[in-house]
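Chains, contacts and geometry: an overview
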Amino acid sequence: MKRFFKLSITLAVFSFFLTGCTIKTMENNRRTVSVSGAGTVEVEADNATVTLAVITRSKDVSVAADENASKMTKVQDAITLLGIPSENITTEGYTVYQEHNYSNGKNIPGDYNVTNRIKIFVKDLSLVSKVIDTSLKNGANELQSCQYGISNKDMYVKQARILAVQNAQEAASLIAGTGGAVLGKILTVTEHKNSFSGRNFAMKSAAANDEIVLESAAASTPINAGKTSITINVDATFELK
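Scope of this entry: the structure provided in the associated data block.

Each value, and the rule that gives it
Residues numbered from 1 in each chain as written. Predicted model: local features only at pLDDT ≥ 70, side-chain atom pairs only at ≥ 80, totals over all residues. Heavy atoms only, no water. Helix = DSSP H or I, 4+ residues; strand = E, 2+ residues; numbered from the N terminus. Buried < 20%, exposed > 50% of the residue type's maximum accessible area, 1.4 Å probe, protein only. Contact = heavy atoms within 4.5 Å. Core = buried A, V, L, I, M, F, W, Y, C linked by side-chain atoms within 4.5 Å. Salt bridge = Lys/Arg side-chain N within 4 Å of Asp/Glu carboxyl O. Expected span 1.5 Å × (residues − 1). Arc of directions from axis to C-beta. Patch = residues over 30% accessible without salt bridge, like charges linked within 9 Å, V, L, I, M, F, W, Y side chains within 5 Å. Areas by Shrake-Rupley, 256 points an atom, 1.4 Å probe, with all protein chains shown as cover. Pairing = 2+ DSSP bridges.

Of the regular secondary structure elements, the chain holds four helices and nine strands. Counting every position in the chain, which comprises 241 residues, the buried fraction comes to 34%. Within the chain, residue pairs in contact and separated by at least 24 positions form 83% of the contacts whose partners lie at least 6 positions apart.

Laid out in structure tokens, this is it:
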């Protein structure tokens, strides 16, 4: 009888500890709400990057290359005369290839095509139209793009980030209140890739030695910078009380 009594006490104590652990685990189980938030800041552009090229063709590769070099030199000299520093004019790519035509199953070699593409960084936005027009007049025959941007982007990214977190907090608070809970502290935040939406004006590319035709058919090139949008997206998890 004594042994049975001791065994009963031991089992009772063991059962008590098991029950206490289960209750503690349930009390520590957090309720959470996960939401997404977005923040967007619109900023006036303060710079532009113009990408253009000189394309030449000839049956003789040396003639095509020499003509290309002469035209590109003329283009760059004219651009620097507008007040664009030479260090703001960089080579984007230089290619040489021979065209091929196929007739009756035969490969017929064609002209050599030489392309020299450059990027022009323009800080003074009043010069953008002049850069484009001057380039065309001096030998450029391909305009790939005109991309507007902003210099101090980090400051505006921070503003967009703050707005994104605030937006997520507002959404979580609404959900919590609707469900009869109280929003607690933020537990996790994950930021997605930034969205930087600068204005880009695409230009029609013309064949070598042909006249360039812009999207806007005008005597001069009227292009306005407008605003650039910076968007931050986040996923956030909040505690519910």
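If you look at the biggest cluster of nonpolar residues, it comprises 23 residues, and the most contacted ones within it are Val-50, Leu-52, Ile-84, Ile-120, Val-128 and Tyr-148. Elements with a contribution of two residues or more to this core: strand S2 (47–58), helix H2 (61–81), strand S4 (106–122), helix H3 (128–137) and strand S5 (142–149). Per-element tally for this core: the top contributor is S2, with four residues. Not counting residues within four places of it along the chain, the set of residues in contact with Val-50 comprises Ile-118, Lys-119, Ile-120, Val-128, Ile-132, Leu-143, Ser-145 and Cys-146. In this structure, Val-43, Ala-160, Val-234 and Ala-236 belong to the second largest nonpolar core, which totals 19 residues.

A few words now on the pattern of salt bridges. Here the structure, examined in full by the defined rule, presents seven salt bridges. Between Asp-111 and Lys-59 there is a salt bridge; the shortest N-O distance is 3.4 Å. Note that Asp-111 is positioned in strand S4 and Lys-59 in the loop between S2 and H2, a separation of 52 residues in sequence. Since its relative accessible area comes to 17%, Asp-111 is described here as buried. As a salt-bridge pair, Glu-142 and Arg-117 come within 2.5 Å of each other at their nearest N and O atoms. You can see Glu-142 sitting in strand S5 and its partner Arg-117 sitting in strand S4, a full 25 residues away along the chain.

Attention now goes to the environment of Ala-38. Within the secondary structure, Ala-38 is located in strand S1 (residues 31–44). A C-alpha to C-alpha distance of 9.0 Å links Ala-38 and Asp-235, two positions 197 residues apart in sequence. Ignoring sequence-local partners within four residues, the contact set of Ala-38 consists of Leu-163, Ala-164, Asn-167, Ile-232 and Asn-233.

Moving on, we get to the environment of Arg-30. Inspection of the secondary structure assignment puts Arg-30 in the loop between helix H1 (2–27) and S1. A relative accessible area of 48% means that Arg-30 is categorised as partly exposed. Along the sequence, Arg-30 and Lys-241 sit 211 residues apart, while their C-alpha atoms lie 8.4 Å from each other.

Along its 21 residues, H2 runs 30 Å from first to last C-alpha, staying within 8% of the 30 Å computed at 1.5 Å per residue. Turning to H2, its buried residues are Ala-64, Asn-68, Met-72, Val-75, Ala-78 and Ile-79. For H2, the buried positions fall inside an angular range of 125° around the axis, keeping them on one side. The exposed residues of H2 that point more than 90 degrees off its buried face are Asp-66 and Leu-81.

This part is about a nonpolar patch on the surface. Together, Val-61, Tyr-94 and Val-96 give the surface a local cluster of nonpolar side chains, amounting to about 250 Å² of exposed area. One can find Tyr-94 in strand S3 (residues 89–103).

This next bit is on helix H4 (residues 153–178). Residues separated by three or four positions in an α-helix point in the same direction, a consequence of the helix having 3.6 residues per turn. In this model, H4 (26 residues) spans 38 Å end to end at C-alpha, consistent with the 38 Å of a helix rising 1.5 Å per residue. Within H4, burial applies to Val-157, Ala-160, Ala-164, Ala-168, Ala-172 and Ala-176. In the core, the buried residues of H4 are packed alongside S1, strand S6 (183–191) and strand S9 (227–240). Gly-180, located one to two residues past H4, shows a positive phi value of around 80°.

Within S2, ten of the twelve residues are buried, which leaves the element mostly enclosed by the surrounding structure. Here S2 runs beside S5; their pairing, made up of seven bridges, is antiparallel. Its bridge partner being in S5, Leu-52 is matched across the sheet by Leu-143.

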